[in-house]
Amino acid sequence: TVWAAFARVTATSIRHRSRKPPCHTDAAGSAGGIVIFEQSMKRIVILISGRGSNMQAILEAKLPVQVAAVIANKEDAGGLQTAASLGIATAVLSHKGYPSREAFDADLARLIDSYQPDLVVLAGFMRILSEGFVRHYENRMINIHPSLLPAFTGLSTHARAIQEGVKVHGCSVHFVTPELDHGPIICQAVVPVLDDDTEDTLSKRVLVCEHQIYPQAVRWFAEGRLSVEGNRVRVANHADIQAHSLIVPRD
Ligand code: GAR
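Cut-offs used in this document
- Every chain begins its residue count from 1, and numbering advances along the sequence as written.
- Where local features are concerned, this predicted model is filtered to residues with pLDDT of at least 70; where side-chain atom pairs are given and counted, the filter is 80 or more; whole-chain, interface and lining totals use all residues.
- Only hydrogens and water are set aside; all other atoms, that is, all heavy atoms of the structure, feed into the side-chain values.
- When a carboxyl oxygen of Asp or Glu is within 4 Å of a side-chain nitrogen of Lys or Arg, the pair counts as a salt bridge.
- Secondary structure elements follow DSSP: runs of H or I of four or more residues count as helices, runs of E of two or more count as strands, with numbering from the N terminus.
- Buried, partly exposed and exposed residues are distinguished by accessible area as a fraction of the type maximum, computed with a 1.4 Å probe on protein chains only: under 20%, between the cut-offs, and over 50%, respectively.
- Each pair of strands is called paired provided DSSP finds at least two bridges between the two strands.
- To obtain the arc, one takes the directions from the helix axis to the C-beta atoms.
- Contacts are assigned to residue pairs with any non-hydrogen atoms lying within 4.5 Å of each other.

Visitor: What is the right way to read the pattern of salt bridges from this model?
Guide: Any two side chains of opposite charge can pair, on the condition that their charged atoms come close. By the definition in use, this model includes six salt bridges. When the shortest N-O distance is used, the salt bridge between arginine 110 and aspartate 107 registers 2.4 Å. With arginine 110 and aspartate 107 both in helix H6 (residues 101–114) and three residues apart, the pair spans about one turn of that helix. Among the residues examined, arginine 110 registers a relative accessible area of 26% and is labelled partly exposed. Among the ionic pairs, aspartate 197 bridges to arginine 205, the shortest N-O distance being 2.7 Å. The class of aspartate 197 is buried, set by a relative accessible area of 10%.

In structure tokens form, the structure reads like this:
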């Protein structure tokens, strides 16, 4: 059964590092009525592979969500310590030693589902995902990518943007579909590419925006404001997007 398989995974390759309650019970400001409020909150699981700065931005944004766990596929992922220090449960499931991508993804899905999330948040989770895994989380898994999709899918997005001479660059939050770095776009942020930009300076400018739009997108999901129609995402009550999302070049 699923649970028997999950128990095997737990015994062999997962290390649970913290089981403290998530910090967002406090963040919701519901000290006197935690249980009732929590039941209406969406549960999220965040997947990381590295430093986890986007994860941290989400954890510190005081969103109306319950962060059920942070899961990494690398046990030296820096974000694990950050999450644990904020009282979030963490787990590691290493992809090493699995005979196939599908086999790893099946165990990963079992682990994720054990936390019963409403939304899976990929925050620098640097794995190509199998089609079955993606379909399992259709319309409930989102990703951030450091480019203005559909431009510059894949790796080295900032270096390629400079190389191509584009004048604007940015980042995108999107629902995940089987094609790599594709799927209905929830929001994007735009930054200028300056004459003296290097990969490093441009990536830092984009990262500041990533930390703004990813928590915002999770909030919209948590508030039930997102709907997907084909490739388009509609955001209910979107006056705030029009007010804040457009950058116009000036002299
Ligand atoms: C971020 O820039 C994110 O957009 C990118 O990895 C970085 C992770 O940083 N993701 C991708 O390239 C996915 N295709 P973080 O661990 O500090 O959030």
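Visitor: Sorry if this is basic, but what is going on with the pairing of strand S8 (residues 226–229) here?
Guide: Looking along a regular strand, one sees side chains alternate from face to face of the sheet. Here four bridges tie S8 to strand S9 (residues 232–235), and the two strands are oriented antiparallel to one another. Bridged to serine 227 within S9 is arginine 234.

Visitor: Can you walk me through helix H8 (residues 157–164) in this structure?
Guide: What sets the pattern is the α-helix's 3.6 residues per turn: residues three or four places apart point alike. Those residues of H8 not exposed but buried are Thr157, His158 and Ala161. In a view along the axis of H8, the buried residues occupy a sector of 100°, so they form one face of it. Buried positions along H8 lie against strand S5 (141–145), strand S6 (168–175) and helix H9 (199–222). Positive backbone phi, approximately 75°, marks glycine 165, located one or two places after H8.

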